[in-house]
Amino acid sequence: MIRGAVVAALLLIACSGGSYRVVGTVIDFDGNLLSVNSFTVRADGNDYLFHPAAEIDSEFPLPHLRDHITSGDPVVVAYVVEGDRLVALSIGDG
Amino acid sequence: MKRSWFVLFMAVAGLAACQTGPPPPVVVIANSPGTLVPGDVRLLVGLLDAEGSPIGGEDLAATVRIYDPESNELVTTTQADFIWTVPNVRGLYVVRTSLDRPGIWGLAIEAGDMPATEPVGFVVADVAVVPVLGDVAPHSVTPTGSDFALSDISTDPEPLPRFYERSLHEVLGGGTPVVAVFSTPALCSTATCGPALDVVKDIAATDSESTFVHIEVYTNLDAQGARELELAPSVVEWGLPSEPWVFVMDGDGVIVASFEGALGSQELAEALVVAGS
């Protein structure tokens, strides 16, 4: 069901183009203390898997995102859709 | 006739609505990959509502069920303890159990009146990427206040000089318990944030016997981007994949407890009792 919701969300935003913004809770993190491959934010009942842009504008060192899983502090992510990927352009405390 | 059908439809719909309870929470296991190995484990479990907002609290009891990685059969049922990660705002459930082998174990949780979740998997590795219970702690050289200004070696806005008096390698195995805190307080940006270091400082205020050492995770937190960040040599030596971490060592320098991400005062106090015994 969650997967379906994600696909629906992806289709919705992929069809409309432009950049988007979501505020939610970090629930997964693939990376270490120096780099981040991807992270997942749950917002409005949907899961968003983000890949950070090479020049992502971040309020904090990106690896700090893992700490957000522990703290539950929300994040705000601005992103674009590139093919089937959500690419995070900026991130900060939500 | 049409009116009768409408009334009947509304009655059925109303009945269905009454019988629909809240959905089960979403489970988030916060432990880093590669940090859980067979033996005693400490799982950090977050709960979210359907929208994605954290839920939980000291008044929301949580029962946890652990499932075997091969048979998927129920192995144990235990109560989880709640700890605040942002005092009186948000927190996590701590699950302590013992797992006898590597594999993808299952965890389901039943909190309050909400229905139980389906089991979610978590990996118990063959070998940990971090030092584990029973290991002799790496004797890392860490910066001290005698060589540096505290502002150069700590981003804690209110550093305790006691935490920077001696290098980790000097105090480990010295006969008294040692608490090592790897953390970056500067990343704690909200007023309500309760970093691990504050919990340790509170305990240290009542413990004059143990030695406390704080180690910053990065040596250049003012770097322009994550790509330029450099890890402290001790963080590399300990293999830490995340921060913060708190380790408690006994007088022989053997690790008796470790805490990733968040810890409660009671947990740390209990670990120090073990370390000093």
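Anyway, here's the lowdown on the structure attached to this text. On a predicted model such as this, the values are computed, not experimentally measured, just so you know.

### Quick look at the interface of chain B and chain A
Each partner contributes to the interface: chain B provides 36 residues, whereas chain A provides 25 residues. Here chain B packs against chain A, burying approximately 2300 Å² in sum over the two surfaces, 57% of which is carbon and sulfur. Our enumeration of links across chain B and chain A arrives at one salt bridge. At the surface where chain B touches chain A, the tally comes to twelve residue pairs in polar contact (both at pLDDT 80 or more). Broken down by secondary-structure element, the contributors of at least two residues to the side of chain B that touches chain A are β1 (26-29), β5 (74-86) and β6 (90-99) of chain B. Partitioned by chemical class, the residues of the side of chain B that touches chain A number 21 nonpolar, nine polar and six charged.

### Details of the packing of helix α4 (residues 196-204) of chain B against helix α6 (residues 265-276) of chain B
Residues and elements named next belong to chain B. In the contact formed by α4 and α6, the axes pass within 10 Å of each other and the chain directions differ by 55°. Here α6 runs oblique to α4, going by the angle between their axes. Once α4 is placed against α6, the crossing between them reads as right-handed. Between α4, through V199, V200 and I203, and α6, the contact on the second element is made entirely by S265, L268, A269 and L272. For the contact of α4 with α6, a count of residues per class yields six nonpolar, one polar and no charged.

### Re the environment of A30 of chain B
Residues and elements named next belong to chain B. Within the secondary structure, A30 is located in the loop between β1 and β2 (39-48). Exposure remark for A30: the relative accessible area of 4% places this residue in the buried category. Taking C-alpha positions, A30 is 8.8 Å from E260, a pair spaced 230 residues apart along the chain.

### Side note on the pairing of β5 of chain B
Residue and element names in this part refer to chain B. One ladder, built from six bridges, connects strand β4 (residues 62-67) with β5; its direction is antiparallel. Among the inter-strand pairings, T63 is bridged to a residue of β5, identified as Q79. Linkage of β4 to β5, two consecutive antiparallel strands, is achieved through a turn of six residues, within which N72 is found at a positive phi near 60°. Inspection of the sheet shows β5 paired to β6 by five bridges, in the antiparallel sense. Among the inter-strand pairings, V86 is bridged to a residue of β6, identified as R90. Hairpin connection from β5 to β6: three residues lie between these consecutive antiparallel strands, with N88 at a positive phi of about 60°.

### Quick notes on α6 of chain B
All names here are of chain B. Taking 1.5 Å of rise per residue, the twelve residues of α6 would be expected to cover 16 Å, and the 17 Å separating its terminal C-alpha atoms lies within 8% of that figure. For α6, the set of buried residues is E267, L268, A271, L272 and A275. The buried residues of α6 occupy an angular sector of 135° when the element is viewed end-on, so they sit on one face. In this structure, α6 carries Q266, V273 and G276 as exposed residues pointing more than 90 degrees from its buried face.

Definitions and limits used
Residues numbered from 1 in each chain as written. Chains lettered and ligands numbered in written order. Predicted model: local features only at pLDDT ≥ 70, side-chain atom pairs only at ≥ 80, totals over all residues. Heavy atoms only, no water. Contact = heavy atoms within 4.5 Å. Buried area = accessible area lost by both parts, 1.4 Å probe. Salt bridge = Lys/Arg side-chain N within 4 Å of Asp/Glu carboxyl O. Polar contact = N/O pair within 3.5 Å; in protein donor to acceptor, adjacent residues only side chain to side chain. Helix = DSSP H or I, 4+ residues; strand = E, 2+ residues; numbered from the N terminus. Nonpolar A, V, L, I, M, F, W, Y, C, P; charged D, E, K, R; others polar. Axes fitted to C-alpha atoms, helices over the stretch in contact; angles between N-to-C directions. Parallel < 35°, antiparallel > 145°, perpendicular 65-115°, else oblique. Left-handed = near helix turned anticlockwise from the far one by under 90°. Buried < 20%, exposed > 50% of the residue type's maximum accessible area, 1.4 Å probe, protein only. Pairing = 2+ DSSP bridges. Expected span 1.5 Å × (residues − 1). Arc of directions from axis to C-beta.

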